[in-house]
Amino acid sequence: MSESTSDKKVEIILVAAIGENGVIGSNGQLPWRLKSDLQHFKRVTSGRPVVMGRKTFESIGKPLPNRTNIIMTRDLNFAAAGATLATSLDAALAIARDDARRRGILEIMIIGGGDVFDATMAIADRLEITHVHASPKGDVLFPAIDPAVWRETARQHYDAGPADDASFDTVTYERRA
Ligand SMILES: NC(=O)c1ccc[n+]([C@@H]2O[C@H](COP(=O)([O-])OP(=O)(O)OC[C@H]3O[C@@H](n4cnc5c(N)ncnc54)[C@H](OP(=O)(O)O)[C@@H]3O)[C@@H](O)[C@H]2O)c1
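All of these numbers come straight from a predicted model, not from anything done at the bench.

Asker: Requested: an account of unusual backbone geometry, with residues and values cited.
Answerer: In the segment running from Gly112 into Gly113, the intervening peptide bond is cis, with an omega of 0°. Positionally, Gly113 belongs in the loop between β6 (107-110) and α5 (114-120). In this structure, Asn66 is a non-glycine residue whose phi angle is positive, near 60°. Relative to the helices and strands, Asn66 resides in the loop between α3 (54-60) and β4 (68-72).

Given below as structure tokens:
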């Protein structure tokens, strides 16, 4: 790691797929089947530290490959082979920053779920959002994306493929200066 890398800020990036009604989760699972978005998620997060809540980890069921998995839980008895546990947001971010700097990529990916997005929206530098063109029923919402705070800088439309429940747009939002 060069000195310039260790001096640079590590950006916090939230990665989420959101329905038109703000829903991101239902009964502990994703409320849709979107294989094309899972491929997008893999491209965006691979090679980076990923921070997630314990419930999201349990819904995925195993650590995501080729990423340092950092799981937030207050349960000191929780165990997850192949993942690193953090009992607070500060601890999770400290582990993720060290990992990102070691990789020289200067990005921490926050991947959910609702509790963790709520806790990190105010400190995020960038949002990588999949706007899903559907409004499924659900019990977990993404916080509002305030246009006074966030500026859209990139958008790509995807038609629904054979293994997708809906079409979607991937959108990058940068925090306004
Ligand atoms: N559409 C998407 O992009 C997307 C992405 C991710 C997840 N999801 C969905 O969202 C749902 C899960 O979200 P959720 O809000 O229910 O749960 P979550 O955010 O995944 O996990 C919540 C858990 O994380 C731990 N936690 C949260 N804040 C903490 C803190 N400050 N310090 C230590 N531990 C902390 C606690 O674990 P303990 O209870 O163990 O202490 C808490 O119960 C699922 O339906 C999932 O499929 C959707």
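Asker: Residue-level account of the side chain of Arg67, with values.
Answerer: For Arg67, the location among the structural elements is in the loop between α3 and β4. Buried and unpaired, Arg67 has Asp99 as its nearest opposite-charge partner, separated by 10 Å. Polar contacts involving the side chain of Arg67 include one to the side chain of Thr45, which spans 2.9 Å. Only 2.8 Å separates the side chain of Arg67 from the backbone oxygen of Pro65, close enough to count as a polar contact.

Asker: Describe the environment of Trp32, and please don't skip the residues or the numbers.
Answerer: Positionally, Trp32 belongs in the loop between β2 (23-25) and α2 (35-45). As a C-alpha pair, Trp32 and Gly19 span 13 residues in sequence and 9.3 Å in three-dimensional space. Look past the residues within four positions of Trp32 in its chain and what remains in contact with it is Ala17, Ile18, Gly19, Val23, Ile24, Val132, Pro136 and Asp165.

Asker: Quick one: what's the story with the pattern of salt bridges, residue by residue and with numbers?
Answerer: Summed over the entire model, instances satisfying the criterion amount to 10 salt bridges. A salt bridge links Asp165 to Arg33; the shortest N-O distance between them is 3.8 Å. Residue Asp165 is located in the loop between β9 (150-158) and β10 (168-175), and its partner Arg33 is located in the loop between β2 and α2; the two are separated by 132 residues in the primary sequence. Between Asp169 and Arg155 there is a salt bridge whose closest N-O contact spans 2.8 Å. In this pair, Asp169 is assigned in strand β10 and Arg155 in strand β9, connecting sequence segments 14 residues apart. Overlapping salt bridges bring together Arg48, Glu107, Arg126 and Glu128 as one network.

Asker: So what's going on with the packing of aromatic side chains? Which residues, and what values?
Answerer: Tallying each qualifying case throughout the model produces three aromatic pairs. Each ring, one from Phe57 and one from Phe78, has its centre 6.3 Å from the other, and the planes form 90°; the classification is edge-to-face. Placement of the pair is Phe57 in helix α3 and Phe78 in the loop between β4 and β5 (84-86), with a sequence separation of 21 residues. No difference in accessibility class separates Phe57 from Phe78, as the two residues are buried.

Asker: Pulling in residues and values, what's your account of the pairing of β10?
Answerer: By the criterion of burial, β10 is predominantly enclosed, with six of the eight residues buried. As paired elements, strand β7 (residues 126-132) and β10 share seven bridges and run antiparallel to each other. Residue Arg126 lies in a different strand from β10, and its bridge partner there is Glu174. In this structure, β9 lies alongside β10, joined through eight bridges in antiparallel fashion.

Thresholds, definitions, all that
- Residues numbered from 1 in each chain as written.
- Predicted model: local features only at pLDDT ≥ 70, side-chain atom pairs only at ≥ 80, totals over all residues.
- Heavy atoms only, no water.
- Helix = DSSP H or I, 4+ residues; strand = E, 2+ residues; numbered from the N terminus.
- Buried < 20%, exposed > 50% of the residue type's maximum accessible area, 1.4 Å probe, protein only.
- Lys, Arg positive; Asp, Glu negative; His and termini not counted.
- Salt bridge = Lys/Arg side-chain N within 4 Å of Asp/Glu carboxyl O.
- Polar contact = N/O pair within 3.5 Å; in protein donor to acceptor, adjacent residues only side chain to side chain.
- Contact = heavy atoms within 4.5 Å.
- Phe/Tyr/Trp six-rings, centres within 6.5 Å; stacked < 30°, edge-to-face > 60°.
- Pairing = 2+ DSSP bridges.

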